Structures are given as structure tokens and as C-alpha cells.
Amino acid sequence: VHGTFGGWQMTETVMAKNIFKWNKLGKLFDPKDLTIASWMKEFAQSPSALIMDDCVRVYFCSRPTPGPDGQYLSYISYIDLDRTNLTNILRICPEPVMELGKFGTFDEFGTYPVSVIRTGEEIRAYYAGWTRCESVPFNAAIGMAVSHDNGKTFHRLGDGPVLSYTPDEPFLLGSPRVRKFGDQWRLWYVAGKEWRVIDGSPEPVYKIRTATSDNGIDWVKHRRDIIADKLGEHECQACPDVTFSNGIYHMFFSYRDIRDYKSGIGGYRIGYASSADMIEWDRDDTAVDIQLSESGWDSEMVNYPHIFQVDGSSYMLFQGNGMGRAGFGLAVLESEDAWART
Amino acid sequence: MKWRKLGKLFDPTQHVLPNRCVEFAQSPQTLVLDDRVRVYFSTRERDSSGKYLSHVAFADFSRDMARLLEVSKHTVLPLGGLGCFDEHGIFPINVLQDGDRVLAYTTGWNRKVSVSADASIGLAISNDGGHSFQRHGTGPVLTASLNEPFLVADAFVQRYGGVYHMWYIFGTKWEKFIEAEAPDRVYKIAHATSADGLSWNRDGRQIVGDRLNGDECQALPTVFALDGIYHMYFCYRQASGFRKDHRRAYRLGYAHSTDLENWVRDDGLAGIDLSDEGWDSQMQCYPHTFQVDQKYYIIYNGNEFGRTGFGIAELER
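Residues numbered from 1 in each chain as written. Chains lettered and ligands numbered in written order. Predicted model: local features only at pLDDT ≥ 70, side-chain atom pairs only at ≥ 80, totals over all residues. Heavy atoms only, no water.

Draft legend 1. Region of the structure containing the overall build of chain A. Assigned secondary structure in chain A consists of two helices and 21 strands. The C-alpha radius of gyration computed for chain A amounts to 19 Å, which stays within 12% of the reference 20 Å derived for 342 residues, consistent with globular compactness. Its C-alpha atoms give chain A principal-axis dimensions of roughly 60 × 50 × 45 Å. Out of the 342 residues in chain A, the part that is buried amounts to 58%. Put simply, 54% of the contacts in chain A that link residues at least 6 apart link residues at least 24 apart. About 13900 Å² of surface is accessible on chain A, with carbon and sulfur atoms providing 51% of the total. Distance between charge centroids for chain A: 2 Å, based on 35 positive and 46 negative side chains. (Helix = DSSP H or I, 4+ residues; strand = E, 2+ residues; numbered from the N terminus. Rg over C-alpha atoms; globule rule 2.2 N^0.38 Å. Buried < 20%, exposed > 50% of the residue type's maximum accessible area, 1.4 Å probe, protein only. Contact = heavy atoms within 4.5 Å. Areas by Shrake-Rupley, 256 points an atom, 1.4 Å probe, with all protein chains shown as cover. Lys, Arg positive; Asp, Glu negative; His and termini not counted. Charge placed at Lys NZ, Arg CZ, Asp CG, Glu CD.)

Listed below in C-alpha cells is the structure:
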């Protein structure tokens, strides 16, 4: 029930359901904090977990010092977290797990965000590749790369993307999140709808969509926006992370305004939607409770959520201020009862 | 095959063209109508930055191709919107009568930073006999894929036996053949099929062998059936130095097939070559074959990629 009738009914609805209350465990990683030499200089964005025997490996995207033109390149990296104490970092990726794409390819200028999944003996990384354009600053499409050395290095299957533009998805395919339910591969991603000129600069509008596949390579797009707007048709949605628990599909995602999003004001916040069939999604952002800190690295932004479950607890990885310029952190779900939503 | 040249057919510098276009009539492609043959082509305006924008226009000819009837004065298909694949040009356009409607497979161009541009294939549909077209979506119907990383372009579509066949090209690499100059591209001819003309199956495989070397650039395939054999014309050139050195410039190539799958290249059978002098003496490119009133024609561009128009030849049987 949505509270169009004043606060009373709203309150009743909220009280009647379980809330996902995430308790922050603090910042996990920011390359600027490193005391050792590293190729990573700034940003730790879009964390994505892979459970291993002795650790939880968190893939993310980081950047060397920008080039002479002031522009950054983004590479895929990882850290390994101690399974017995997830705030303890065991290993730091010594070099990017994959080079950028060749001249003129879709991922020549960056690989961000990334989503990682194990399938049999291989590990696959789905990522948005970035290219630079003239009339608009950039474009993106979704690529896939495979690792056969337990995730240390990744290699492309081809020089092009696995998910690219179609008549109703003309540009900006990004924010991939991959999952496999049974034999079916699922990709949630965002697709650009239009570029609007806002205060003299082109700004994109993009929405969450989904595709299915039998092999994780050949994808069938479902061709519709699956999450209702909250801020209006100019709302930008990103990072749709889906988990299955207690018979329900749960999506945590990010959304923002088309304006003022680089600060905390119009910047990304975390939304939530649930579904019984992965077709119809019921958005209810009030179901997620993760607070901005009063000060520090995550006082302005908490977004790009990624959920993983290990050793009986549920965790959320998230990036902080400046879209992860201040690094990413970890939170733990206060009560597992939250998954039992009615 | 033996083609008898009929000479230059259309010179864009002799006409007032829509969209402030002043030169170029590139990649002529036909729609045969009851009372005329409509020849679509891409012509160019310079934008405020001095770069070209390619626009679609057409010229109508009598069915014997002897008389120019009129030249389009309107916008046949506007360029794509901000950030779209066809924002900076449509070149070429391939049209196919499909029941009551006309399908147009466009190659849309968008400018990039590290390389000059990328291209994808779009679809637009006309319900007024090809006078104007509306886009099927703002995005492309065929674009980069795992094994076709960029420059998916030059669609030519025909129906054979209820199946839509598309011949097109895809880029295989961008390379700086000369370090001080901008990177050049390499592209090859491929084939796709479709049951509806919208969603296409393809395998990213080069279907016509190279003649020059592995970096040979192949473009603009056009196919017709005659006497139980499928004939393909296309153009090919060296990957670098092709703009200024006419020995490295586009030539017409030829291949034949009996099954639409396997092609035998044999340029020696093309039956058309450079003229000793004149408008097609240094370059021949962007061929298009068509049939009208039991006659087979090939129209194509000559020197300077069609800056001064296109010409025509007739098949001698």
C-alpha cells in the first residue's frame, strides 16, 4: 500500500513489514590509503564479491593517475578479504586483471563497472566498456571476459561486446550484474534512453533492464524498463543487484536525479524492489535502511550496492562519496528475518 | 560478364540539393517504381566544425535511365539524435520494396575520439513509396558484436525464398599503418539472414577472399541472380594511402556463388574496369546492380569517392 493518504497509512505499512537494516562495518578499501606502491591511485568502485575457500574476493574498478589530457582510464582490480574477519585484507591485486581494449573497440577507455561469477572451472567477468565520443562524452556496451587461473587474469572471447545496441536501446549499455538461477543466465543492466542537454552539457537518462541466456554469451533482451521511476522520467537507474532468498527475488539498485548528482544532493541513493517471477517488480525504497554517516568517506553517498551471503550472514558492499572516489565499504544485515518479506 | 559503360549519370554539383549539401553523390542505390527508377545517394554538408555530415537524397530517372526527371528537395531521412549511432551521417542507404512498404537499411556514422568514427546499420521504413522514411527505433538493428567489434556497415538486403539475406561489412582492426597519421581501418564482407528483416543471424565470418593482402578493405557488396548463379560486386582497396595514391584506391571486385553461402572470388570475370581517362579513371567504388525492363545495370562512383557523382553501365548479354 502506498501512502497517498497521509502519514498514518504509510506508517502502518512500514511497521507491518521487515526492513533491510544494514549496519556499517566501515570502509574496506581506498587506494589513496595504501602505504605500498600500487598501480591504483584513485577510486575503488562497483565492488562485486566472489566467495572462495579461504577468502571473499572483491572485484572492483580502480584508476591510475589520469593522462596528460586529465582523463582517467578504469581497470578491473580485486582485494581478498579474510573469511573469518571480512575487514581484514589478505591480498591486493598487483596489476589489472585485464588490459583495456584495442584501438577503436568499445572498451578502449575503461572497464567499469564489473560483475563476476563462477561457472564450473572458469570465472567470468561482465563489465561495461567505455569509449569516447565527439558529440557526447562517452558511450558504453557490455563485454565479457573469462579467467582460467582462478580469477587472477581475464581474457576476452572477442574484441567486441556481448550485449550491444538495438533499436530501442540506442546507447549506454552499462552497470551489468550477472547471476545464474538454475541453468538460466540472467543479466541485469541499464540502457540509455536519451541524451539531454542540462545546463549546456549532455546528460544521459538510463533505466534498468534485463536479458536472459542459456550460455551467458548469447543474450535475449526483454526490451522493457522493469523498475518504476520514483523521481520522474528523467530518473537515472543503475547497478541492479538481484538475490534470491525465501522464495522472492530481491533487487537492490541505485538511482539518482539528472541534475546535481556529483554531490550528495542529487546523487545516487539505494533503492529496492522485489519480485516473485523476475518479470513484475514491486519497488519499495522504504524497505532498505542504510544511513549516510555523519562525517567521513560515506557521509554524502552510499550507492552501487552488491549483496553477498557467506557463513550464515548477509553483507552489502557499497561505494562511498564521489561515486567511490572515497573507496568502498561493507555493511552487514542486522537480521536475516528481513529476507522473509510478505 | 561484360558491362558497356554509358558514362556519368548524375553530377551533384549541377543541382540544388537539400540540407545545404554541395558535393558528393555517393553509393547510388535504386528503388524501381512503376514510372521511374529512384536512385538514392548520400551527399554532404559541412557542419560548423568543418567536418562533413552525410545526408540522404535521391534523383529520379526514366525507366530507361536516359532522362533525369527530378531531384529530391526535401529531407528524405533526418540524421539521428544526440549520441545516436547515426548522428553524424547516413551513408549509404539500401532500399528494398517489401509489400506496401519500403525498407531502408542505413549505415549511420558517429564521431569518436581515438578513431575518427564508428558505424552501425539501422532500419527505416517508408509508407509513401520511398519519398520519406521513419526510423525503426533510435538504435541500430545490426551493430558491434563479440566478433565484429566495430564498423558494421554497408548493408545490402535481398529476399530469396522467403529469407532476408543481408550482405554487409564489419571492421576487423584499426591500425596506424603510418605512425604520424590517423589510424586506418580494415573491414571485410560478411553475410546475415533474417526471417523478418529485423532480427538477424550472423557469424562474423569473412565470406569473400582477399586479393591484395590480409589488410585489404572490402566494401559495399551488391548481389543479383542471373542464369542460376548469384553474382556479387563490391569494391576493395589497400588499407592505407588509398585517398591520394590512385594505385591503392578502390577497384571493383567480383565473386560468384550457387548457394548464397560459398563465394568464389574472380575479379578477372568482373567485366568492368577503370577508364583510361575521365571521371572513373583513378577509382571505382560503391557498386550497385539492379534490373529494370529486362536490362541489368551497375551504377557506381568514380574518382574521389563520388565527389562529382555517379555513372552507369549496362550488362551485355
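Structure shown, so let's carry the discussion forward.
Draft legend 2. Fine view of the side chain of B:Ser42. The topology assignment puts B:Ser42 in strand β3 (residues 37-46). A polar atom in the side chain of B:Ser42 sits 2.8 Å from the backbone oxygen of B:Ile90. (Polar contact = N/O pair within 3.5 Å; in protein donor to acceptor, adjacent residues only side chain to side chain.)

Draft legend 3. Expanded view of the layout of surface pockets. All names here are of chain B. The space that makes up the largest pocket amounts to roughly 1500 Å³. In terms of lining residues, the largest pocket is bounded by 49 residues, among which Arg44, Ser116, Arg185, Phe242 and Arg243 are the most central. Mapped onto the lining of the largest pocket, the elements with two or more residues apiece are β2 (23-32), β4 (52-61), β6 (90-98), β7 (101-111), β10 (150-160), β11 (163-175), β12 (184-194) and β14 (217-226). Taken together, the residues that form the lining of the largest pocket break down as 24 nonpolar, eleven polar and 14 charged. (1 Å grid on protein atoms, 1.4 Å probe; cavity = no way out; pocket = protein on both sides within 12 Å on 5 of 7 lines; lining within 4 Å. Points joined across faces, edges and corners; volume = space filled by probe spheres on them. Nonpolar A, V, L, I, M, F, W, Y, C, P; charged D, E, K, R; others polar.)

Draft legend 4. Seen up close, the sheet that holds strand β17 (residues 264-265) of chain B. Residue and element names in this part refer to chain B. The four strands lie next to each other as β14-β15-β16-β17, forming an open sheet whose pairing is antiparallel. This sheet does not close on itself; its edge strands, each paired only once, are β14 and β17. Here seven bridges tie strand β15 (residues 229-237) to strand β16 (residues 251-257), and the two strands are oriented antiparallel to one another. In the strand pairing of β16, Cys235 is matched with Leu252. (Pairing = 2+ DSSP bridges.)

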